[in-house]
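# Geometric and topological summary
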Amino acid sequence: MNFKRILSAVLLALALVASAQAAGFATKGLEQLASCVGMTGLESLAPGTHYTYTYKGRKLTVRVNEWKEVEHIGLLLFSEEMRRQHPLPIYDFLERYLLARNAFPDDSDEQFKMAWDKVHFAHGNAQTALALDTTVSFSESHVGLRVYKVSWTDGGRKLLEMSFQMDYQLLTGCNALELENMLFRKLRRGLGNGFVLPQANVSAGGTEHTRHGKFFISPMVRSDLFYTRTSQDAPWTLVSDTARMTKSISNIMIAAESDHGMKVRIKLDKYGLRTDSATVDYKVWRQICIEEGCVPYFGLKSKQGDVYRCSVFMVNETGGYLHLLSIDVPEGAVKTPEKKLALARLYCYVPLHNVSDNVLNPTEFEPVK
């Protein structure tokens, strides 16, 4: 090997090491924002939330996930207590968006794009946010699945008021392709080490109990859960037996406490010209959706032979979207999940204000038995 080839190999190795050590970002937009603000040393941050960076004297918040990716950068406007007590997808959006409106140059592509966002300032402007902090009173309201209205006040005096569409692409700063890529990345990573299934909490008499939930688009698409026990003194468990297959499948699909080992091959079918797929434990998919803030609903479309053709709607009422999983569940996927897969087609991040009839067709569902 001559000297030039050795030098090239060394430089390549150094580049790979530098790349591996560089800070990872959950989205391209966050990487651009960090560069604009001049943030350095992000690669050294441990997973968690950090408040060591500032912009024009204003404290910033930076959150790093367990894979050491920067998943949020923004002005520090909301306390951790507020986020825990009243979880909403708008906190990250407002902190990030208001920082971006202040930080990017007026003639930048980013400012040009933000000018087209359906974000309206009814009182104050983006610069007003530089005078806000976590001690200022914040209020929000939203209309159906359409629009948010938010405001900050101090001593009864309104400082800033904004309204914006309940558009998840706007809220996350990601386009449709980025959102689906992020979702499949989560699927392939599985559940974090700290994930613990919740316990069933049923207070009822008898040995059979249905926890009645709500319905979505049709009375046959429901969030009901089905429980059973062997005696009055025995603990309640989710129905999971072959004699009541439909109720068992419904529980597997939507019950957060279900630990069934069903595996599903999920094929993407919504945005873009290419397809993607992942084979995962179904509970991984279910928990990812619940952690996003989705409420799950189950509907049985039909039964063909030993295959139950179902739909699962993961509806995010504060994000303004749903995931629709059209899933075929053979009996073997319930009885012997280590041997048989369920097969599904996914329509992800479907805007609820612009949903089409060919995606949501309530006439095709059958009653759960």
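As the structure is a prediction and not an experimental result, all values here were calculated from the model. Chains are numbered independently. Their residues run from 1 in the order of the written sequence. A pLDDT threshold of at least 70 governs which residues receive local features in this predicted model, and a stricter bar of 80 or more applies before side-chain atom pairs are shown or counted, although totals over entire chains, interfaces and linings include all residues. Computation of side-chain values: all heavy atoms of the structure, hydrogens and water removed.

### Overview of the overall build of the protein
Strands here mean DSSP runs of E at least two residues long; helices mean DSSP runs of H or I at least four residues long; both are numbered from the N terminus. The helix and strand inventory of the protein stands at ten helices and 20 strands. Residues count as neighbours in contact if any of their non-hydrogen atoms are within 4.5 Å of one another. Partitioning the contacts of the protein with sequence separation of at least 6, the portion at a separation of at least 24 is 55%. Of the roughly 19000 Å² of accessible surface on the protein, 51% is carried by carbon and sulfur atoms. Every accessible area reported is derived by Shrake-Rupley at a probe size of 1.4 Å, with residue values counting cover from the shown protein chains alone.

### Some points on the pairing of strand β13 (residues 225-228)
Of the two faces of β13, the one carrying L225 and Y227 and the one carrying F226 and T228 are both buried. At least two DSSP bridges between two strands are needed for those strands to be called paired. Sheet topology note: the strand β10 (residues 208-211)/β13 ladder contains four bridges and is antiparallel. Paired with R211 across the bridge in β13 is L225. Sheet topology places β13 next to strand β14 (residues 237-238); two bridges connect them, and they run antiparallel. By the bridge assignment, Y227 is partnered in β14 with L238. Burial classes follow relative accessibility: with a 1.4 Å probe on protein chains only, a residue under 20% of its type's maximum area counts as buried, one over 50% as exposed, and anything between as partly exposed.

### Re the nonpolar core
Within the largest apolar cluster, 94 residues are counted, with the highest numbers of intra-cluster contacts made by W152, M253, Y282 and I327. Element by element, the count of residues in this core is highest for helix α4 (residues 90-103), at nine residues. Discounting chain neighbours no more than four positions away, the residues touching M253 are M262, Y282, R286, F298, V312, M314, I327 and V329. Within the second largest apolar cluster, ten residues are counted, among which are F216, Y297, F313 and F365. Throughout this description, the term nonpolar core refers to a set of buried Ala, Val, Leu, Ile, Met, Phe, Trp, Tyr and Cys residues connected via side-chain atoms within 4.5 Å.

### Some details on the pattern of salt bridges
The salt bridge criterion pairs a side-chain nitrogen of Lys or Arg with a carboxyl oxygen of Asp or Glu, the two atoms within 4 Å. One pass over the structure, following the stated rule, counts 19 salt bridges. D241 is the partner of R244 in a salt bridge, and the nearest nitrogen-oxygen pair spans 3.0 Å. On the basis of relative accessible area, R244 is assigned to the partly exposed category, the value being 26%. A salt bridge links K283 to D259; the shortest N-O distance between them is 3.4 Å.

### A look at the packing of aromatic side chains
In summary, the pairing rule links any two rings of Phe, Tyr or Trp, Trp by its six-membered ring, whose centres are within 6.5 Å, and it sorts them by plane angle into stacked for under 30 degrees, edge-to-face for over 60 and tilted for everything else. Counting across every chain of the model gives 13 aromatic pairs. For the ring pair F78 and Y91, a centre distance of 4.8 Å and an interplane angle of 50° mean the geometry is tilted. Linking F78 in the loop between β5 (69-75) and α3 (80-85) with Y91 in helix α4, this pair joins segments that are 13 residues apart in sequence. We note that F78, like Y91, is buried. Aromatic rings pair up to connect F78, Y91, F138 and W152 into one cluster. Charge over a ring is defined by NZ of Lys or CZ of Arg lying within 6 Å of the ring centre and within 35 degrees of the ring normal. Sitting over the face of the ring of W67, R189 holds its NZ or CZ atom 4.4 Å from the ring centroid.

### A word on the confidence of the model for the protein
What pLDDT conveys is the predictor's confidence in a given residue, as a value from 0 to 100. When the pLDDT values of the protein are averaged, the result is 88; 88% of them are 70 or greater. Confidence over residues 3-22 falls short of pLDDT 50; this stretch has three contacts with residues more than four positions distant or in other chains.

### A closer look at helix α8 (residues 245-254)
Most of α8 is tucked away, with nine of its ten residues classed as buried. Listing the buried residues of α8 in full gives M245, T246, S248, I249, S250, N251, I252, M253 and I254.

### What to know about the side chain of E331
Counting through the fold element by element, E331 comes out in helix α10 (residues 331-335). Excluding residues within four positions of it along the chain, E331 makes contact with M245, K303, D306 and Y308.

### Concerning the sheet that holds strand β6 (residues 119-123)
Ordered in space as β6-β9-β8-β7, the four strands form an open sheet in which the pairing is antiparallel. The open sheet has two edge strands with one neighbour each: β6 and β7 (137-143). Each strand axis lies, on average, 15° off the axis of its neighbour in the sheet, ignoring direction. Bridge count for β6 against strand β9 (residues 157-165) is four bridges, and the pairing is antiparallel. Bridge pairing in β9 places F121 opposite M162. Angular values range over 0 to 180 degrees, each being the angle between N-to-C directions of two axes fitted as lines to C-alpha atoms, with helices fitted over their stretch in contact.

### Focus: the pairing of strand β19 (residues 321-330)
Among the ten residues of β19, nine are classified as buried, and the element is accordingly described as predominantly covered. The sheet contact formed by strand β18 (residues 307-316) and β19 spans ten bridges and is antiparallel. Residue pairing in the sheet places F313 in a bridge with L324 of β19. In sequence, β18 turns back onto β19 through a hairpin of four residues, with G320 there showing a positive phi of about 75°. Direction of pairing for β19 relative to strand β20 (residues 342-351): antiparallel, over a ladder of seven bridges. Among the inter-strand pairings, L324 is bridged to a residue of β20, identified as Y347.

### Examining the environment of L98
Counting through the fold element by element, L98 comes out in helix α4. In this structure the C-alpha to C-alpha distance between L98 and T128, which are 30 residues apart in sequence, comes to 9.2 Å.

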